[in-house]
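The residues making up each chain are set out below.
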Amino acid sequence: MIDNQKLDVAITATVEKLQSLFGDAPAVAVVLGSGWAGAVSHIQDAKALPYTELPAFPQPKVEGHVNEIVVGQIGAQRVVMLRGRAHTYESGECTGMAGALRTLKRWGVKLLLQTNASGSLRAHMPAGSLMLISDHINAPQRSPLVGEQGNHRFVDMSTAYDAELRKHTLALAKRENLMLGEGTYVWALGPQFETPAEIRMFAAWGADAVGMSTVPETILARHCGLRVMGLALMTNMAAGLSAEVLTHELTMKQAQLSGERAAAFLAALIASLAELTL
């Protein structure tokens, strides 16, 4: 449960620091999951700041995450990228990104663009494929809003992943001649990988990809009024769908192999958002 009074003090201090260092907020914030870090190289006039300088931000401890924000420009669009997120499996709490996301909203960010590495449940999306998240399944039925007060906690999740922005992204992928799937992401708590029986269950539920992040952040973002988009990079076929033995090292290796293409599309997407009113 979040101590909102204590967190509010940290958020206020963090917003003041961001405002003093970077000025007004970019409209777009991106959470960089595994395989997506190369997008930082597309930022012009980049300025970085570690999470340790930001009181409301978490200190994730997962390999492959740098734990810093980077602010700059991609084309005509200013952006802030978060290189690292807190996962529920690190502490058992699903509120780890509350301070960061509420800070971004109070600073003036309009859109949270999430990225992650996922396991594919569909043969037409093998390792290396990209998927636009159209919806999610909260398999653990855990919520970062437990303990919140007032009617605002009853957040409508029927359009959690912005329909207008999904349409824009699919059109961009078509123009870029990039195969972009679209489907439902299911959140599994982790840190262990799923069993083949669990994957069969998730597939029967209608899930197309599985991973250990994104859903708590989407709930938090919608609660504080941010628009949300999500992109998943398939790093493997889910348990029981191939002969591979699933390991974190395998996920990281495939993320590195496919990351350059994923990062290039992400950069093109960010630049194209300057065409829209966010």
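The structure displayed is predicted, hence computed values, not measured ones. Position numbers for residues count from 1 along each chain, tracking the sequence in the order it is written. Given that this is a predicted model, residues contribute local features only at a pLDDT of at least 70 and side-chain atom pairs are listed and counted only at 80 or more, while totals for whole chains, interfaces and linings are drawn from all residues. In computing side-chain properties, one takes all heavy atoms of the structure into account and sets aside hydrogens as well as water.

(A) Local environment of the overall build of the chain. Counting secondary structure elements, the chain contains 7 helices and 9 strands. Computation of the radius of gyration draws on C-alpha atoms alone. For the globule rule, the value is 2.2 Å times the number of residues to the power 0.38. Compactness check: the chain gives a C-alpha radius of gyration of 18 Å against a globular reference of 19 Å for 278 residues, within 12% of the reference. In terms of principal-axis extent, the alpha carbons of the chain reach across some 50 × 40 × 35 Å. Relative accessibility decides the category of a residue: with a 1.4 Å probe and only protein chains considered, values under 20% of the type maximum give buried, values over 50% give exposed, and everything between is partly exposed. Counting across all 278 residues of the chain, residues that qualify as buried make up 55%. By the convention used here, residues are in contact when the closest approach between their heavy atoms is within 4.5 Å. Restricting the contact set of the chain to residue pairs at least 6 apart, pairs at least 24 apart contribute 83%. Here the accessible surface of atoms and residues is derived via Shrake-Rupley with a 1.4 Å probe, and residues count as covered only by protein chains that are part of the display. Per element, the accessible surface of the chain, about 12,100 Å² overall, is 52% carbon and sulfur. Under the convention used here, Asp and Glu are negative, Lys and Arg are positive, and both His and the chain ends fall outside the count. The location of each charge is read from NZ of Lys, CZ of Arg, CG of Asp or CD of Glu. Averaged over its 23 positive side-chain charges, the chain has a centre that lies 3 Å from the centre of its 25 negative ones. Numbering goes from the N terminus for both helices and strands, where a helix is a DSSP run of H or I of at least four residues and a strand is a run of E of at least two.

(B) Spatial organisation of the packing of helix α3 (residues 98-107) against helix α6 (residues 215-223). Where helices are involved, their axes are fitted lines through C-alpha atoms of the stretch in contact, as for all axes, and angles between N-to-C directions lie from 0 to 180°. In contact at an axis separation of 10 Å, α3 and α6 are set at 35° when each is read in the N-to-C sense. In the packing of α3 onto α6, the handedness of the crossing is right-handed. In this structure, α3 contributes A98, L101 and R102 to the contact, and α6 contributes E217, L220, A221 and H223. Charged means Asp, Glu, Lys or Arg here, nonpolar means Ala, Val, Leu, Ile, Met, Phe, Trp, Tyr, Cys or Pro, and polar covers whatever is left, Gly included. Among the residues forming the contact of α3 with α6, the class breakdown is 4 nonpolar, 1 polar and 2 charged. Crossing handedness is defined as follows: a turn of the near helix away from the far one that is anticlockwise and smaller than a right angle gives a left-handed crossing, while the clockwise case is right-handed.

(C) Region of interest: the environment of H248. For H248, the location among the structural elements is in helix α7 (residues 248-272). In this structure H248 comes out as partly exposed when scored by relative accessible area, which is 30%.

(D) Region of the structure containing the pairing of strand β7 (residues 180-187). Within β7, 7 of the 8 residues are buried, which leaves it mostly tucked inside the rest of the structure. Inspection of the sheet shows strand β6 (residues 130-138) paired to β7 by 8 bridges, in the parallel sense. Bridge pairing links L132 to E182 in β7. In short, DSSP must find at least two bridges between two strands for them to pair. Pairing analysis gives 3 bridges linking β7 to strand β8 (residues 209-211), with the strands arranged parallel. Paired with Y185 across the strands is A209, a residue of β8. Of the crossover connections in this fold, the one passing from β7 over helix α5 (residues 196-205) to the parallel β8 is right-handed. Throughout, right-handed denotes a crossover for which the path from the first strand over the helix to the second runs clockwise when the strands point away from the viewer.

(E) Quick peek at the pattern of salt bridges. Salt bridges are counted wherever a side-chain nitrogen of Lys or Arg sits within 4 Å of a carboxyl oxygen of Asp or Glu. For the structure on display, the rule yields 9 salt bridges. With a shortest N-O distance of 2.8 Å, D162 and R227 are connected by a salt bridge. Residue D162 is found in the loop between β6 and α4 (163-175), and its partner R227 is found in strand β9 (residues 227-237); the two are separated by 65 residues along the sequence. R227 gets classed as buried once you look at its relative accessible area, which sits at 17%. The salt bridge involving R166 is made with E182; its shortest N-O contact spans 2.9 Å. Of the two residues, R166 sits in helix α4 while E182 sits in strand β7, which places them 16 residues apart along the sequence. Classification of E182 as partly exposed rests on a relative accessible area of 36%.

(F) Spatial organisation of the state of the cysteines. Two cysteine sulfurs form a disulfide in these notes if their separation is within 2.5 Å. Scanning all chains against the criterion turns up 0 disulfides. Here C224 stays unpaired: no disulfide links it, and the sulfur of C94, its closest cysteine neighbor, is 15 Å away.

(G) Spatial organisation of the pairing of strand β5 (residues 111-120). Burial runs high along β5: 9 of the 10 residues are buried. Bridge count between strand β1 (residues 28-31) and β5: 4 bridges; the pairing is parallel. Paired with V31 across the two strands is Q114, which belongs to β5. In this sheet, β9 lies alongside β5 in parallel orientation, the contact comprising 10 bridges. Bridge assignment links L112 to a residue of β9, and that residue is V228. Bridge analysis of β5 against β8 gives 2 bridges, and the strand direction is antiparallel. Looking at β8, one finds that G119 is bridged to V210.

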